[in-house]
Amino acid sequence: MASIREHMGTALLALMLALIVWVNATYQKDPPREDFFPRQIPIQVLNAPSDLVVTNDPAEAVEVKIRTFSSTWEKLGVNDFNATADWEALEAGMNTVDIEVSCADPTVNILDFHPEVIYVRLEPQQSEDQEVNVELVGHEEIPLGYRVDSPEVDPEVVTVEGAASAVERVDRVNVSLSIVDQRASLERQLEPIPVDEEGEKVENVKVSPAEVTVRVPIERKQNYREVAIRVLTTGTPSRGYFFSGLDVVPATVTIVGPPETIEEMGGYVETRGEIDLSGATQTIAQKMELALPEGVSVLDTEGEDPFRVLVTANIDAVTGGTTVEVPLRERNVPGGLSVEKMSVSSVDVILTGPAVLLDELETDLLDAYVDLEGLEEGTRQVEPQVEILAPDDSELQDLAVKDVSPKYVEVTLNLASTPTPGGEASPTATATPTPAPTMTPTPKPTATATPRRR
């Protein structure tokens, strides 16, 4: 018997030694790893009471610290864990609920997790029906002559559900729709919003259904119509001028009258009479009546009978250009110096402006010169200048000097000559007579205006 016991002890010792060697070899090959699992584990709620609703925001996931073999860690996923919170015994008010966490893999040890509990505030659930209130934004901005009928809602009543305290705060359920500048009926799918007495949105309630259909009938009244103003002209402006356009204020009006008559009118109404452009040289402005059919009038006229529009016919001058040869003279010759010579005695001046002014321009109203102020003895290039000799209020101020040729003139300045013995002066430079100015018209654009007639 003693021999059997000795052999059993030896066998057990050998088994333990083998187990130790195996465990040691295993740990060296596949060492354990201890850390927080990199992803949070969702908390599954069990046995939630159907007659209570949550009014706070309890935690929805936990972080779990585990220990397992490295090879196992690499294979773990969120679905291998199970985090639960049992709400079966909860009542209205604030509740503390323990969280339980487990893992489907038996080699995984749960070392820690947080939070360990969650706080749940519950209130009795309540629901009530509310009529949908439609708020039309911009009702007063519908164009004249259009009518907005009462909006239609489908469904007209919705159900508001949630915690009793939140549902009791709901004063009404609103949908808002803008009808600014609308001329046709609208149909929209809108979300009904529960609001309190102050018009603030009530949170933590659910509205069923989540959308309602809102229809807003908008139609044009049969005896109203918005029309444009058409103005007729006759005649042609004076030579050198053209008709550049019409301005009408107001450009459109809303008329009211028998439906049949308004339908036959089309989209415009003419003025009574025409604008006469014959011989015009400036803008024409006048008030004109409208040629309205019998029984038709302009809507919302304020005291003016008959109604008139302000018509402005714009008359502009035909622009052109011309080239004028103008004698060149000097200005501001420095003291002690004299002009020995200039490379040219005249310059070509290119003018642009109204054709009627160019045709009648007198060349003695142009002054071409070189300004020598501050220059010293010697030869240099000086830029010629041109002035139009006319008062500031003269029409000639509408002309513009476009260019001067040549752009620079060579001027030689020498010391002024001094008297010689015997009373005779030394020879001085003699002025070269300059030719009389001439005008060489250049091609100029023309503009024609074709009057609009009936």
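Residues numbered from 1 in each chain as written. Predicted model: local features only at pLDDT ≥ 70, side-chain atom pairs only at ≥ 80, totals over all residues. Heavy atoms only, no water.

A.B. asks: How should the overall build of the protein be read in this particular structure?
C.D. replies: For the protein, the count of helices and strands is 5 helices and 34 strands. With 454 residues in all, the protein has 33% of them scored as buried. Entry remark: accessible area of the protein is about 27,600 Å², with carbon and sulfur atoms responsible for 48%. (Helix = DSSP H or I, 4+ residues; strand = E, 2+ residues; numbered from the N terminus. Buried < 20%, exposed > 50% of the residue type's maximum accessible area, 1.4 Å probe, protein only. Areas by Shrake-Rupley, 256 points an atom, 1.4 Å probe, with all protein chains shown as cover.)

A.B. asks: Got a minute to help me understand the sheet that holds strand β11 (residues 152-154) in this structure?
C.D. replies: For sheets, the rule is that strands pair by backbone hydrogen bonds, running either parallel or antiparallel. Pairing in this open sheet of 3 strands is antiparallel, and the strands run β11-β17-β14 from one edge to the other. The open sheet has two edge strands with one neighbour each: β11 and β14 (186-190). Sheet twist, expressed as the mean angle between neighbouring strand axes with direction ignored, is 20 degrees. (Pairing = 2+ DSSP bridges. Axes fitted to C-alpha atoms, helices over the stretch in contact; angles between N-to-C directions.)

A.B. asks: Just to check I follow, could you spell out the sheet that holds strand β23 (residues 284-289) for this structure?
C.D. replies: Taken in spatial order, the 3 strands of this open sheet run β20-β25-β23, and their pairing is antiparallel. The sheet is open, and its two edges are formed by β20 (241-249) and β23, each paired on a single side. This sheet shows a mean twist of 25 degrees between the axes of neighbouring strands, independent of strand direction. Two elements, β20 and strand β25 (residues 308-317), share 8 bridges in a ladder whose sense is antiparallel. Following the sheet pairing, V248 is matched in β25 by V311.

A.B. asks: Looking at this structure, how should I read the packing of aromatic side chains?
C.D. replies: Both the distance between ring centres and the angle between the ring planes are used here to describe each pair of aromatic rings. Per the stated rule, a full pass over the model turns up 2 aromatic pairs. Taking 6.5 Å as the distance between ring centres and 50 degrees as the angle between the ring planes, the aromatic pair formed by F37 and W73 counts as tilted. Remark: W73 occurs in helix α2 (residues 70-73) and F37 occurs in the loop between β1 (32-36) and β2 (41-46); sequence separation between them is 36 residues. For the pair F37 and W73, a shared accessibility class is recorded, and that class is buried. When the ring of F37 is compared with that of F81, the centres are 4.9 Å apart and the planes differ by 50 degrees; the resulting orientation is tilted. (Phe/Tyr/Trp six-rings, centres within 6.5 Å; stacked < 30°, edge-to-face > 60°.)

A.B. asks: Which parts of the structure should I look at to understand the pattern of salt bridges?
C.D. replies: Scanning the model with the defined rule gives 15 salt bridges in all. Between E187 and R215 there is a salt bridge whose closest N-O contact spans 3.2 Å. Here E187 is found in strand β14, whereas its partner R215 is found in strand β17 (residues 212-216), with 28 residues between them in sequence. Given the relative accessible area of 47%, E187 is considered partly exposed. Assessed through its relative accessible area of 30%, R215 is described here as partly exposed. A salt bridge links E270 to R230; its shortest N-O distance comes to 3.3 Å. (Salt bridge = Lys/Arg side-chain N within 4 Å of Asp/Glu carboxyl O.)

A.B. asks: Even after reading the chapter, I still don't get the nonpolar core, so can you show me in this structure?
C.D. replies: A general tendency of soluble globular proteins is for nonpolar side chains to be buried together. Counting 48 residues, the largest nonpolar core has I229, V253 and L290 as its most contacted members. If one sorts the elements of this core by residue count, β25 sits on top with 4 residues. Those residues in contact with L290 that sit more than four places away from it in its chain are I229, V253, V269, E270, T271, R272, V298, F307 and V309. (Core = buried A, V, L, I, M, F, W, Y, C linked by side-chain atoms within 4.5 Å. Contact = heavy atoms within 4.5 Å.)

A.B. asks: Can you help me understand the environment of Q282 in this one?
C.D. replies: With respect to the helices and strands, the residue Q282 is situated in the loop between β22 (268-276) and β23. The exposure class of Q282 is exposed, given its relative accessible area of 58%. C-alpha separation for the pair Q282 and I315, spaced 33 residues apart in sequence, amounts to 5.2 Å.

A.B. asks: Can you walk me through the confidence of the model for the protein in this structure?
C.D. replies: Regions with low pLDDT carry predicted coordinates that are not meant to be interpreted in detail. Of all residues in the protein, 85% attain a pLDDT of 70 or more, and the chain-wide mean is 83. Long-range and interchain partners of residues 422-454, a stretch whose pLDDT sits below 50, account for 62 contacts in this model, where long-range means more than four residues apart. (pLDDT = per-residue confidence, 0-100.)

A.B. asks: Would you mind showing me how to read the environment of V216 here?
C.D. replies: Following the sequence through the fold, V216 ends up in strand β17. Along the primary structure V216 and L186 are separated by 30 residues, whereas in three dimensions their C-alpha atoms are 5.1 Å apart.

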